[in-house]
Amino acid sequence: MKQIFSAIFLFLLIVPFGTVSAKDLEILSIGFGSCLHQDKESPILKTIQAHKYDYFILLGDNIYSDTLIANEKIPAYEKQVNHSEWKTFVKQTQMLFTWDDHDYGINDSGSEYPEKQTSRELFLKYWQPMMPKNLAFGTKSQEGIFYSHWVNLNGKKIHIVVPDTRYFRSPLQKSFVSRLTGKNFYTSSNDLNRTILGDEQWLWLLEEISKPSDFLVFVSSIQVIPTEHPFEKWGNFPHERNRILQTLQNANTKELVILSGDRHIAEIHEYKVPGKRSIVEITSSSLNLPLPFLLLEYDSEWKIGKAFKEKNYGELKLISKDGKIMWKTSIQDLRGESVMEYDPSSLK
Ligand SMILES: [Fe+2]
């Protein structure tokens, strides 16, 4: 009898504390990265896997396949998902995805991409099975892949908002193609009719961001804050950049961070306006396709420190302590060493 009571006591002791559901978490760790070429080895996935992150967000260019015929992307998707590093990685990690130009369509493409519906179907076919159940993607008429996801961190509401910066985006205003980098340079357009998100997605986003949360993770495939570099960025549409920054400043959340990719370098920017909430953006790129020999880094009035130009991934740690969320974000190299960080709660 005594043994039975001991067993019941042990069971009661273990079950409530030993079963970790999202509700019981006190630390939420999110890894993120971008620009993963299917034709290259990806040993960095093994480094990332060792962290056992609760989530990993692929921020776009999850495959490289620039083609006007969306179904021609299938071999690239197949190659990516059949890599042994990939298979082990996604088996152990809860994934979230968005897309950027090279997986969505062709280089720097937007709403003009002719086979965006088919590309959307491929995105959902390959990535949706690895994502949390019950996500709703895009508009009611199944346009775009934007969505949001909630995580309960010890009673605190963490809101991950993932807009689609490709499907509805107006054409860019090209200035020239750089002979040095082979990349297109763009100038910003003051045409207020040009958009990144489009009307319907803006309505969705404003509604999402008005929902109360304790911490908001805003994901953007392209950079939001810096305006100085000539490549793709929200700043190519200054009215859209202003609108998103103002929306984030006034968001119904206690704190927030922007995660972005695309640039083939890693950077941290902080947008500070007196009397307003300051906004931090951490950019991680690339997981396995760094381009350190190209001139990709530009000064910015918002930039903190210098860019990191080798293979990298990002980490966001949220800790629920004494009724508050403490947080820290960093960039790590191939060996898992932190190479830059932003640590507002002094977690160290
Ligand atoms: Fe890329």
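Residues numbered from 1 in each chain as written. Predicted model: local features only at pLDDT ≥ 70, side-chain atom pairs only at ≥ 80, totals over all residues.

Caption draft 1: Just the overall build of the protein, in detail. Along its length, the protein carries eight helices and 15 strands. For 348 residues, the compact-globule estimate of 2.2 N^0.38 gives 20 Å, and the protein sits close to it at 21 Å. The buried share among the 348 residues of the protein stands at 42%. Within the protein, residue pairs in contact and separated by at least 24 positions form 71% of the contacts whose partners lie at least 6 positions apart. (Helix = DSSP H or I, 4+ residues; strand = E, 2+ residues; numbered from the N terminus. Rg over C-alpha atoms; globule rule 2.2 N^0.38 Å. Buried ≥ 20, exposed ≤ 12 C-beta atoms within 10 Å, placed from the backbone. Contact = placed C-beta atoms within 7 Å.)

Caption draft 2: Region of interest: unusual backbone geometry. Cis peptide bonds are those with omega within 30 degrees of zero, and the linkage from Ser285 to Ser286 qualifies with 5°. Topologically, Ser286 is positioned in the loop between strand S11 (279-283) and strand S12 (303-308). Even without glycine at this site, Asp61 takes up a positive phi of about 55°. The residue Asp61 is located in the loop between strand S2 (55-58) and helix H3 (74-82) in this model. One non-glycine residue with positive phi stands out, namely Asn154, at about 55°. Along the chain, the position of Asn154 falls in the loop between strand S4 (147-153) and strand S5 (156-162). Residue classification places Asn154 among the partly exposed positions, given that 18 C-beta atoms sit within 10 Å.

Caption draft 3: Representation of the pairing of S2. Alternating residues of S2 divide into Tyr55 and Ile57 and Phe56 and Leu58, and every residue in both groups is buried. Sheet topology places strand S1 (residues 27-33) next to S2; four bridges connect them, and they run parallel. Each residue of the ladder has a partner; that of Phe32, found in S2, is Ile57. Examined bridge by bridge, S2 and strand S3 (residues 94-97) share four bridges and lie parallel to one another. Following the sheet pairing, Leu58 is matched in S3 by Phe97. (Pairing = 2+ DSSP bridges.)

Caption draft 4: Local environment of the confidence of the model for the protein. In the predicted model, the protein carries a mean pLDDT of 93, and the fraction of residues at 70 or more is 93%. Low confidence marks residues 4-24, where pLDDT is under 50. Its contacts with residues over four positions away, or in another chain, come to four contacts. (pLDDT = per-residue confidence, 0-100.)

Caption draft 5: Structural context of helix H6 (residues 116-127). The end-to-end C-alpha distance of H6 is 16 Å, a good match for the 16 Å that twelve residues give at a rise of 1.5 Å each. By the burial criterion, the buried members of H6 are Lys116, Ser119, Arg120, Leu122, Phe123, Tyr126 and Trp127. All buried residues of H6 project into a common sector of 160° when viewed along the axis, lining one side. Among the exposed residues of H6, those oriented more than 90 degrees off its buried face are Gln117 and Lys125. Residues of H6 that are buried make contact with H3, S3 and helix H5 (101-104). (Expected span 1.5 Å × (residues − 1). Arc of directions from axis to C-beta.)

Caption draft 6: Just the sheet that holds strand S10 (residues 266-271), in detail. Spatially, the seven strands line up as an open sheet ordered S4-S5-S8-S9-S11-S10-S12, and their pairing is mixed. Strand pairing shows two members of the sheet lacking a second neighbour, S4 and S12, which therefore form its edges. Each strand of the sheet is rotated relative to its neighbour by a mean of 15°, with strand direction disregarded. Across four bridges, the pairing between S5 and strand S8 (residues 213-220) is parallel. What sits directly across from Ile160, in S8, is Val217. Across the sheet, helix H8 (residues 238-249) is in contact with S8, strand S9 (253-260), S10 and S11; its angle to S11 comes to roughly 120°. (Axes fitted to C-alpha atoms, helices over the stretch in contact; angles between N-to-C directions.)

Caption draft 7: Spatial organisation of the sheet that holds S1. In space, the six strands of this open sheet follow the order S3-S2-S1-S13-S14-S15, with mixed pairing throughout. Each end of this open sheet is capped by a strand with a single partner; those strands are S3 and strand S15 (338-342). If you compare each strand with its neighbour and ignore which way they point, the axes differ by 20° on average. Bridge analysis of strand S14 (residues 324-333) against S15 gives four bridges, and the strand direction is antiparallel. Along S15, the bridge assignment pairs Gln332 with Ser338.

Caption draft 8: Spatial organisation of the environment of Ile325. Tracing the backbone shows Ile325 in strand S14. Through-space distance from the C-alpha of Ile325 to that of Lys156 is 7.9 Å; in sequence the pair is 169 residues apart. Setting aside residues no more than four positions away along its own chain, Ile325 makes contact with Lys156, Asp214, Phe215, Lys254, Glu255, Leu318 and Ser320.

Caption draft 9: Quick look at the environment of Leu334. Counting through the fold element by element, Leu334 comes out in the loop between S14 and S15. In sequence terms Leu334 and Arg120 are 214 residues apart; their C-alpha atoms lie 31 Å from each other. Discounting residues that sit within four places of it in the chain, Leu334 has contacts with Pro43, Ile44, Thr47, Glu310 and Lys311.

Caption draft 10: Highlighting the nonpolar core. Formed by 72 residues in total, the largest nonpolar core has its most connected members in Ile57, Val217, Val219 and Leu259. Sorting elements by how many residues they give to this core places S8 first, with five residues. Sequence-distant contacts of Ile57, defined by excluding residues within four places in its chain, comprise Ile30, Phe32, Leu96, Val219 and Leu259. (Core = buried A, V, L, I, M, F, W, Y, C linked by C-beta atoms within 7 Å.)

Caption draft 11: Structural context of the environment of Ser175. Along the polypeptide, Ser175 turns up in strand S6 (residues 173-177). Looking at Ser175, the number of C-beta atoms within 10 Å reads 11, which means it is exposed. Along the chain, Ser175 and Tyr186 lie eleven residues apart, while their C-alpha atoms are 5.1 Å from each other. Contacts of Ser175, omitting those with residues within four sequence positions, involve Phe185, Tyr186 and Thr187.

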